[in-house]
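# Geometric and topological summary
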Amino acid sequence: MFTSQTSPFQDSIDVEERDDFDNEEISGYGQKVQLNCYYTIYLYQGTRSEASGENVSWNQRRTDSTTSQEDFSLTLIDSSLPPEAEPELRTYISRRLGKGALLGGMGNIATVELSIPEQGVGCYCCLLEQERSPEQPDADGNGYVICFMGGSEKGLNLFRLELDKYVQGLNSSLQTPENLETEVRPYLSQWYEESVMHIYRVVQLVQSNISFLLHAALSHTNVELNNSDERTKADVSRFIKAASLQGLSQQDTTTASLCKAVTEDTHTNLIIDCSTIPPTFSNTVSNRFCDDWIQAFLNGAERCNPFLLRQILENFKLKAIQDMNSLKRFVRQAEMSHYALYRCCLFLQGCGNGDVLLQNARAEHSDLPEACSIIGVLEEFLREPSPARA
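Residues numbered from 1 in each chain as written. Predicted model: local features only at pLDDT ≥ 70, side-chain atom pairs only at ≥ 80, totals over all residues. Heavy atoms only, no water.

### With respect to the packing of aromatic side chains
Tallied over the entire structure, the rule returns 15 aromatic pairs. A centroid spacing of 5.4 Å and a plane angle of 90° characterise the contact between Trp191 and Tyr192, whose relative ring orientation is edge-to-face. Trp191 gets classed as buried once you look at its relative accessible area, which sits at 2%. Judged by its relative accessible area of 2%, Tyr192 is buried. Across from the ring centre of Phe159, 5.0 Å away, lies the NZ or CZ of Arg310, which sits over that ring. (Phe/Tyr/Trp six-rings, centres within 6.5 Å; stacked < 30°, edge-to-face > 60°. Buried < 20%, exposed > 50% of the residue type's maximum accessible area, 1.4 Å probe, protein only. Lys NZ or Arg CZ within 6 Å of the ring centre and 35° of its normal.)

Spelled out as structure tokens, the structure:
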């Protein structure tokens, strides 16, 4: 039973050897060159709504930029697509709108065939509806359709939440058409850098020290960055959030309490000093489970493949969740069987993540005295010298 667990674990780590994302590498990223990433923004209007003079001025730069359907019109505002590809995208978006497939504020991801070098490309599109005035609550809806194209449908799906959040950040800028040149266009052109590349940047920054961040995420340890710019702080924070299991537990309140308790103990903070290259780490803690994933992350970063890195991170979380569920099952069985308790000890020894699993299990079973007693026995049985701190 226990020897078989190494096989699916190795399969989850070996994701970098698969072909799923082989065509999604970012050539030349080391020179800050982003290839094959596009954006487009359209004005969406109901047929009984007339474009204001301000909105018309947005569209005078191109001819034949409006597609009309029976109950709406779609007008091009700006696009980085080649001129021959944009009408093809507009036709696709019009069909989706006509079928009611785009819901306000919720991104839709699919593969589109366009006249661009990569032809089949992942396309994220989202309808941002403008708020209707109290004076005209039944007026036809106006808004904007934002499209991001790059990579594959499967790759973009891994970043759906980030893309949804990024699109919402446009709301304030879109209220004023004059912001197209100064705010909207620069914001849209950075979608890939800001929504997809943050995990890649973190792995590039910390390299083999990524295991310390993974352990911090699983154990709810606060990460403190010194001498760092705001972008790096945001990248690390987003990485920790993406790797964390917080919010996935059935007992979120106890998990949140554990997170708060660990965070309040400043002596346990993982400290990263970015004044050196590479950064210097203090108060480092890891375990065999997190160490086993180092090479997978390094391989993904070496191939400049942010989609692959996100898939590796999701596999890392999935394996941690599977082990946590296994421990819960063993603890329940151990309440009735000494042999089950023995099996639980073997499992914790073999998984390499016993410290984190027991920490989370204690928080989740805090209101169950018998389970806490079992967990105490497991902690005592598996007690080893504390991991060395730098």
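From this point on, the discussion continues.
### Digging into empty space enclosed by the protein
Tallying each qualifying case throughout the model produces one cavity of 30 Å³ or more. A volume near 30 Å³ is recorded for the largest cavity. When contributions to the lining of the largest cavity are tallied by element, the ones reaching two or more residues are α14 (306-334) and α16 (354-364). Per element, the largest residue contribution to the lining of the largest cavity is four residues, and it comes from α16. (1 Å grid on protein atoms, 1.4 Å probe; cavity = no way out; pocket = protein on both sides within 12 Å on 5 of 7 lines; lining within 4 Å. Points joined across faces, edges and corners; volume = space filled by probe spheres on them. Helix = DSSP H or I, 4+ residues; strand = E, 2+ residues; numbered from the N terminus.)

### With respect to the pairing of strand β8 (residues 270-273)
Burial along β8 is one-sided: Leu270 and Ile272 are buried, and none of Ile271 and Asp273, which face the opposite way, are. Relative to β8, strand β7 (residues 223-226) runs parallel, the two being bridged by four bridges. Note on β8: the bridge partner recorded for Val223 is Leu270. As defined by bridge partners, β8 adjoins strand β9 (residues 280-282) across three bridges and the pair is classed as antiparallel. In the sheet register, Asp273 faces β9, and the bridge partner there is Thr280. (Pairing = 2+ DSSP bridges.)

### As for the environment of Thr268
In this structure, Thr268 sits in the loop between α11 (252-264) and β8. Sequence separation of Thr268 and Asn222 is 46 residues, and the distance between their C-alpha atoms is 7.6 Å.

### Let's talk about the packing of helix α15 (residues 338-351) against helix α17 (residues 369-381)
Where α15 contacts α17, the axes come no closer than 10 Å and their chain directions differ by 50°. Taken as axis vectors, α15 and α17 run oblique relative to one another. Considering only the axes of α15 and α17, their crossing is right-handed. Note on element contacts: α17 touches α15 through Ile374, Val377, Leu378 and Phe381, opposite Leu341, Cys344, Cys345, Leu348 and Gln349. In terms of residue class, the contact of α15 with α17 is built from eight nonpolar, one polar and no charged. (Axes fitted to C-alpha atoms, helices over the stretch in contact; angles between N-to-C directions. Parallel < 35°, antiparallel > 145°, perpendicular 65-115°, else oblique. Left-handed = near helix turned anticlockwise from the far one by under 90°. Contact = heavy atoms within 4.5 Å. Nonpolar A, V, L, I, M, F, W, Y, C, P; charged D, E, K, R; others polar.)

### Here we look at α16
Burial analysis of α16 places eight of its eleven residues in the buried class, which makes it a mostly covered element. Those residues of α16 that sit buried are Gly354, Val356, Leu357, Leu358, Asn360, Ala361, Ala363 and Glu364.

### Side note on unusual backbone geometry
Pro278 follows Ile277 through a cis peptide bond whose omega is 0°. Relative to the elements of secondary structure, Pro278 occurs in the loop between β8 and β9. Even without a glycine there, the phi angle at His220 is positive, about 60°. Here His220 is to be found in the loop between α9 (210-218) and β7. Residue classification places His220 among the buried positions, given a relative accessible area of 5%.

### Structural notes on the environment of Gly120
Tracing the backbone shows Gly120 in strand β5 (residues 120-129). Looking at Gly120, the relative accessible area reads 34%, which means it is partly exposed. The spatial distance from the C-alpha of Gly120 to the C-alpha of Gly150 is 9.6 Å, given a sequence separation of 30 residues. For Gly120, the residues in contact, after removing those within four places along its chain, are Thr111, Val112 and Glu113.

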